[in-house]
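An overview of the molecular structure
Chain by chain, the residues:
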Amino acid sequence: MSQLVDRTIAALRAEHDTLAGLARTLTDEQLALTSGAAEWTVAQVLSHLGSGAEIGRAPIARAAGEAVEAEDNQTIWARWDASAPRAQAEGFLEHDGRWLDLVEGLTPEQRSSLTVDLGFLPEPVPLLTALGMRLNEVANHSWDVRVALDPHAGVDAGSAAVLVDLLAGPLGFLLGFYAKPGELAAPASVVVPGAGLVIDDAVTVVDHVESPSATFHGPREAFVRLLSGRLKAPHDNGVTVEGGVTLDDLRRVFPGF
């Protein structure tokens with residue numbers, strides 16, 4: 001697990017460096033573009049990631065022994081929502097950077113032993129779970145920003161590889177929140193890049209499937225976007241599903257967040 005913690009932190013650093021480099025160049029007109037999350041502009045996606053970093057830093061800092069006095073979430077969200085687009089982009093740079101400085105500074109012992117009380121789950125979770133949830137947010141919302149400027153953008157390949165491993169392990173519970181297995185008429189086992197997808201009474205990502213009923217043909221980043229509801233036309237070029245289910249069937253199971 002310690003190796004997966006390190007891989008997750010490295011993926012988050014790569015995501016930040018890519019998105020921060022882009023954010024610094026955005027014009028006011030680009031900040032106002034509709035993002036890959038159709039209800040948000042590019043600036044609003046950056047605001048979402050920035051406020052999430054501000055909120056998410058506090059419980060990890062507390063777990064690491066830092067005394068933290070944090071505002072309540074509603075106050076933080078209201079402050080970010082009231083900010084101008086340029087300030088939202090600049091706030092993302094500041095707060096995501098501070099979040100990364102914290103987690104990159106954790107000792108090997110802390111990386112393997114810390115548990116984090118996120119406040120909205122029934123009990124504290126291992127650090128890896130908190131980091132993985134952040135990567136799931138950042139990787140998908142980074143795509144939301146980048147695809148507004150480049151229709152051929154994909155989820156970062158390194159992040160996609162880490163996320164598939166996380167979803168086959170400690171992040172598997174997330175699929176229970178946003179997958180709708182009842183949308184399929186019958187169970188399905190799908191070969192996907194680097195893993196398998198099993199849909200029956202629940203949805204699980206597994207290491208492999210013995211007797212697949214279908215095969216997903218496409219890169220791992222496209223599979224990650226499928227799970228988050230982002231594998232939609234015109235951003236699904238070249239992706240096909242062969243066998244007992246169709247790509248449209250799978251899209252109904254994963255409506256997105």
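Bear in mind the structure is a predicted one, so any value in this text is a computation, not a measurement.

Calculation criteria
- Numbering of residues begins from 1 in every chain and follows the order in which that chain's sequence is written.
- Residues qualify for local features only when their pLDDT is at least 70, as the model is predicted, and side-chain atom pairs are given and counted only at 80 or more; totals for whole chains, interfaces and linings, by contrast, use all residues.
- In computing side-chain properties, one takes all heavy atoms of the structure into account and sets aside hydrogens as well as water.
- Think of it this way: any DSSP run of H or I at least four residues long counts as a helix, any run of E at least two long counts as a strand, and we number them from the N terminus.
- Pairing between strands is defined by DSSP: at least two bridges between them are needed.
- Helix axes use the C-alpha atoms of the stretch in contact, all axes being lines fitted to C-alpha atoms, and the angles between their N-to-C directions lie in the range 0 to 180 degrees.
- Only heavy atoms enter the contact rule, under which two residues are in contact if any of them lie within 4.5 Å.
- Here a salt bridge means any side-chain nitrogen of Lys or Arg lying within 4 Å of a carboxyl oxygen belonging to Asp or Glu.
- Burial here depends on accessible area, computed with a 1.4 Å probe over protein chains only, as a share of the maximum for the residue type. Under 20% is buried, over 50% is exposed, and the range in between is partly exposed.
- Stacked, tilted and edge-to-face are the three classes applied to pairs of Phe, Tyr and Trp rings, where Trp contributes its six-membered ring and a pair requires centres within 6.5 Å; stacked means planes under 30 degrees apart, edge-to-face means over 60, and tilted covers the rest.
- A ring is considered to have a charge above it if a Lys NZ or an Arg CZ atom is located within 6 Å of its centre and within 35 degrees of its normal.

Moving on to unusual backbone geometry. Across the junction of A233 and P234, the peptide omega takes the value 5°, indicating a cis bond. With respect to the helices and strands, P234 occurs in the loop between α10 (220-227) and β7 (240-243).

This next bit is on the sheet that holds strand β6 (residues 214-217). Read across the sheet, 5 strands follow the order β5-β4-β3-β6-β7 without closing on themselves; strand pairing throughout is mixed. What marks the edges here is a single partner per strand, and that holds for β5 (203-206) and β7. The sheet shows a mean angle of 20° between the axes of neighbouring strands, taken without regard to direction. Here strand β3 (residues 188-192) pairs with β6 via 2 bridges, running parallel. Bridged to V190 within β6 is A214. Of the strands in this sheet, β3, β4 (195-199), β5 and β6 are in contact with α10, which crosses β6 at around 110°.

Once that is clear, we can look at the pattern of salt bridges. In total, this model carries 14 salt bridges according to the counting rule given. A salt bridge links D96 to R134; its shortest N-O distance comes to 2.7 Å. Placement of D96 in helix α5 (residues 85-104) and of R134 in helix α7 (residues 127-147) is noted, with a sequence separation of 38 residues between them. With relative accessibility at 4%, the residue D96 sits in the buried group. Classification of R134 as buried rests on a relative accessible area of 9%. Ionic pairing is found between R252 and D249, a salt bridge with its closest N-O pair at 2.6 Å. Separated by 3 residues within a single helix, R252 and D249 lie in helix α11 (residues 247-253), roughly one turn from each other. Take R252: its relative accessible area is 39%, and that puts it in the partly exposed class. Judged by relative accessible area, D249 falls into the buried class, the value being 17%. What you see here is one network of salt bridges that share partners, running through R13, D17, D101 and E104.

Scanning the entire structure with this criterion turns up 2 aromatic pairs. Here F173 and F177 contribute two aromatic rings whose centre-to-centre distance is 6.2 Å and whose plane-to-plane angle is 85°, an arrangement assigned as edge-to-face. Judged by relative accessible area, which is 31%, F173 ranks as partly exposed. Its relative accessible area of 61% is what places F177 among the exposed residues. For the cation-ring pair, R134 lies above W99, with the distance from its terminal atom to the ring centre recorded as 5.8 Å.

As a general feature of sheets, a regular strand has side chains that alternate between the two faces. Residues V203 and V205 point to one face of β5 and are all buried, whereas T204 and V206, pointing to the other face, are not buried. Note that β4 and β5 share 4 bridges and pair antiparallel. When the bridges of β5 are listed, I199 appears paired with V203.

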